[in-house]
Amino acid sequence: MKNNRIRSTGVNVTELTFGGGALGNLYTPITDEEAEAAVEAAWTAGIRSFDTAPHYGLGLSERRMGKALSGRPRNDFVISTKVGRLLVPNDEPKGLDPYFVVPATHRRLWDFTGDGVRRSVDDSLERLGLDRIDILYLHDPDDHWSDAVGSAFPALAEMRAQGMVGAIGVGMNQGEMLAKFVCETDVDIVMLAGRYTLLDQSALNDVLPLCAERGVAVLNVGVFNSGLLATQNPQPGMHYDYTDAPAHLIARACAIATICERYGSSLPAAALQFGRLPALVSGPARRTKYTGTVPSSTPKFHQIYGTRWPLTGCWCRRLAEMTALAEKRPPLRSLHAEQQPDFLPPKPISTTGPPPIRSLVKGPKLNVQETDLSHRFAHAKLERTVLVDDVYEAIKSCVMDHVIAPGERVNIGRFARELAVSPSPVREALARLEAEHLVVKEPMKGYTSTKLLNRAETIELFELRMLIEPWAAARAARSLSPEGRAALVAELDGTTDAPLSTQYGDYRGLTSHDERFHGLVALAANNKRVVQVLDGLHIHLHLFRMSYRQQVGVSTIEEHQAIGAALVAGDPEAAGAAMRAHLEATLARLLPDFDDDGNFIAPQATGGNVVRRDRP
């Protein structure tokens, strides 16, 4: 992996830095073994720069990072941590820390004095188990400018002069004060969090041009904006800058995801690549040396980083248009051919229309020893070395394709053996599937695949949808914002074809489109309760699980196009009628597949291929 030198300090960092926030149990607790495995995966991928902070999990991240790096040659890696928050024992520890899922045994004390900085460094060295720190940042001095510039920074500069640290900098979630530090102090590097991403490029207005002009290095972190850009299917309730994402940003993220899917990429891959490409930046900041962070909460970062996709022509223009919406400024300049030697040639794009929806994760077939279960997992397309996301997709494929029959027990041990992983990622994947109602957990029995809806339950579901969704479509047509319109147009532009195969691995893109489209309509209606109800039902998964045929996909897309046309035209009556017609047609396509007793005639899995049973 490429190395970048930080000014004249002699400190070299790899192009990607491993961010240690999740090692402190950010949002979700992880085990010590999972933390060590994440660091090991980063090392295997060629990453040699690692970042942490006392703030992350009340020191837990530093302890885990130090343990994971112990035993490795000290000169082979770069470690950075931060000062500004001292950890002091909590006199009355109660419950969990409000920021990380750890016991509240300590509390944070803001301290940007010289003595506080030196004490913080000593404490960090003890937790890390190391003899030196390579890069030291002032951490979030937003409300402490005077102390930070008057006391803390001189202490850092003294440590740098004495050789105690190699490089010094400031890390913040804003560009304005970082620019002030660049102007008034001799920082070597700034850690820019969340201000140069697919959804926010405000750093182009201040800190990035200054860093380029003065030769200050930039570590561009938070490229997923704390979660919203870390998945191909952004949903309400996801995090943006550590709070719940607003509806308009969810809509824009969905629109960008559609563009990425159309060109064979994914939103997380685009977010990561965008955050490390100075060639996408117009103006003097193009000379800035970027490094990007990969949070440990993204276990597939070494795969995402390796993703390549075309960054020319229509793809780059459409992506630039969507990213420019946030700032209401001209789109970023697209790459020229001579500026992209690191990327593969563009994929051919049909001149007769947009390419078909395609599966986002298609790897080589699972390579396992032949056992009595081998044929059941061969179609899951999972590489041995990947973790929870791929285990989740493998099990989900088996459930959707009825390789695991409705109502059948899911054997965790057998999945772990066949997929060559430990039981932990299998359990986590099953928990995610339980949230989507594809599996159910019963006390003393474990997980089983959810049974299919019967005729009465299906009719009840559509009765509920008939009450909600036509109303939502009509309301959306009355109040559709420019961003909502752009998101809908982008979604529909990439979905003019339907996959031919009846296997979930091939039509999964259509299920994602169905979820995003109905979600965008609900968001445009500007009613949180409607969004929550539809999101909790996971309708798209369960209906496609019951029945997918080629004509179903074609009809679905045509009906979505009709709804979208009415929405864009601002015709509430036509939008509501088109949505109702779509729901009625969907139900009509399902009802013939129920037998006389009201039970659905389930598909039959044969040798890894799904076929329809003959009706009685």
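This text follows the structure it describes.
What counts and how
Residues numbered from 1 in each chain as written. Predicted model: local features only at pLDDT ≥ 70, side-chain atom pairs only at ≥ 80, totals over all residues. Heavy atoms only, no water. Helix = DSSP H or I, 4+ residues; strand = E, 2+ residues; numbered from the N terminus. Buried < 20%, exposed > 50% of the residue type's maximum accessible area, 1.4 Å probe, protein only. Contact = heavy atoms within 4.5 Å. Areas by Shrake-Rupley, 256 points an atom, 1.4 Å probe, with all protein chains shown as cover. Expected span 1.5 Å × (residues − 1). Bend = angle between axes of the 7 residues up to and from the residue. Salt bridge = Lys/Arg side-chain N within 4 Å of Asp/Glu carboxyl O. Axes fitted to C-alpha atoms, helices over the stretch in contact; angles between N-to-C directions. Parallel < 35°, antiparallel > 145°, perpendicular 65-115°, else oblique. Left-handed = near helix turned anticlockwise from the far one by under 90°. Phe/Tyr/Trp six-rings, centres within 6.5 Å; stacked < 30°, edge-to-face > 60°. Lys NZ or Arg CZ within 6 Å of the ring centre and 35° of its normal. Polar contact = N/O pair within 3.5 Å; in protein donor to acceptor, adjacent residues only side chain to side chain. Disulfide = S-S within 2.5 Å. Core = buried A, V, L, I, M, F, W, Y, C linked by side-chain atoms within 4.5 Å.

1. Section: the overall build of the protein
Now for step 1: Counting its regular elements, the protein contains 21 helices and 18 strands.
Now for step 2: For the protein, with 616 residues in total, the buried portion stands at 55%.
Now for step 3: The contacts in the protein between residues at least 6 apart in sequence include a share of 73% that link residues at least 24 apart.
Now for step 4: Counting only carbon and sulfur atoms, one obtains 51% of the accessible surface of the protein, whose full area is about 26000 Å².

2. Topic: the side chain of His582
Now for step 1: Looking at the secondary structure, you find His582 in helix α21 (residues 572–590).
Now for step 2: In contact with His582, not counting residues within four places along its chain, are His518, Thr556, Glu559, His560, Ile563 and Arg589.

3. Let's talk about helix α4 (residues 145–161)
Now for step 1: Here α4 contains 17 residues, and its C-alpha end-to-end distance of 23 Å stays within 8% of the 24 Å for a straight helix at 1.5 Å per residue.
Now for step 2: Its maximal kink placed at Ala152, α4 deviates by approximately 35°, while the proline Pro154 follows within four residues.
Now for step 3: Within α4 the residues assigned to the buried category are Trp145, Ala148, Ala152, Phe153, Ala155, Leu156 and Met159.
Now for step 4: Residues of α4 that are buried make contact with β5 (78–83), α3 (114–128), β8 (133–139), β9 (165–172) and α5 (176–184).
Now for step 5: Looking one or two places after α4, you find Gly163, whose phi comes out positive at around 80°.

4. Some thoughts on the pattern of salt bridges
Now for step 1: Enumeration according to the criterion identifies 21 salt bridges in this entry.
Now for step 2: Where Asp97 meets Arg108, a salt bridge forms, and the shortest distance between an N and an O atom there is 2.7 Å. Of this pair, Asp97 sits in the loop between β6 (85–89) and β7 (106–110) while Arg108 sits in strand β7; the two residues are 11 residues apart in sequence, bridging distant segments of the chain.
Now for step 3: According to the relative accessible area criterion, Asp97 is buried, its value standing at 8%.
Now for step 4: On the basis of relative accessibility, which here comes to 18%, the residue Arg108 falls in the buried class.
Now for step 5: Note that Asp134 is salt-bridged to Arg132, the shortest N-O span being 3.4 Å.
Now for step 6: Note on Asp134: relative accessible area 8%, which makes it buried.
Now for step 7: It is possible to trace a salt-bridge network through shared partners that takes in Arg7, Arg160, Asp186 and Asp188.

5. Considerations on the environment of Gly59
Now for step 1: Examined against the element boundaries, Gly59 turns out to sit in the loop between β4 (49–51) and α2 (60–69).
Now for step 2: A C-alpha to C-alpha distance of 9.7 Å links Gly59 and Leu23, two positions 36 residues apart in sequence.
Now for step 3: With sequence-adjacent residues up to four places away left out, Gly59 is seen in contact with Pro54, Leu87 and Arg127.

6. Some words on the packing of helix α7 (residues 247–262) against helix α16 (residues 482–493)
Now for step 1: Viewed as axis vectors pointing N to C, α7 and α16 meet at an angle of 25°, and their least axial separation amounts to 8 Å. Between α7 and α16, the crossing angle belongs to the class labelled roughly parallel. Seen from above, α7 lies across α16 with left-handed handedness. Counted together, His248, Ala251, Arg252, Cys254, Ala255, Thr258 and Arg262 of α7 and Glu483, Ala487, Ala490, Glu491 and Asp493 of α16 form the full contact between these two elements.

7. Some details on the packing of aromatic side chains
Now for step 1: If you walk through the whole model with that rule in mind, you get 7 aromatic pairs.
Now for step 2: Members of the aromatic cluster, connected to one another through ring pairs, are Phe18, Trp43, Phe50 and Phe77.
Now for step 3: A cation over a ring is seen here: Arg48 above Trp43, with NZ or CZ 3.8 Å from the ring centre.
Now for step 4: Over the face of the ring belonging to Trp43 we find Arg72, whose NZ or CZ atom lies 4.5 Å from the ring centre.

8. Examining α21
Now for step 1: For α21, built from 19 residues, the straight-helix expectation of 27 Å at 1.5 Å per residue is met to within 8% by its first-to-last C-alpha distance of 27 Å.
Now for step 2: You can read the cap of α21 off the contacts: a side-chain oxygen lies 3.3 Å from the backbone nitrogen of Glu573, and it is on Asp571.

9. Section: the state of the cysteines
Structurally, a disulfide amounts to a covalent bond that connects the sulfur atoms of two cysteines.
Now for step 1: Summed over the entire model, instances satisfying the criterion amount to 0 disulfides.
Now for step 2: Of the cysteine sulfurs around Cys211, a residue in no disulfide, the closest is that of Cys183, at 9.3 Å.
Now for step 3: Residue classification places Cys211 among the buried positions, given a relative accessible area of 1%.

10. Quick look at the nonpolar core
Now for step 1: Counting 113 residues, the largest nonpolar core has Phe50, Leu138 and Val207 as the members making the most contacts within it.
Now for step 2: If you tally residues by element for this core, the top one is α7, at 9 residues.
Now for step 3: Not counting the four nearest positions on each side in its chain, Val207 is found in contact with Gly175, Leu178, Ala179, Val182, Val190 and Leu192.
Now for step 4: Within the second largest apolar cluster, 28 residues are counted, among which are Ile395, Val399, Leu430 and Phe544.

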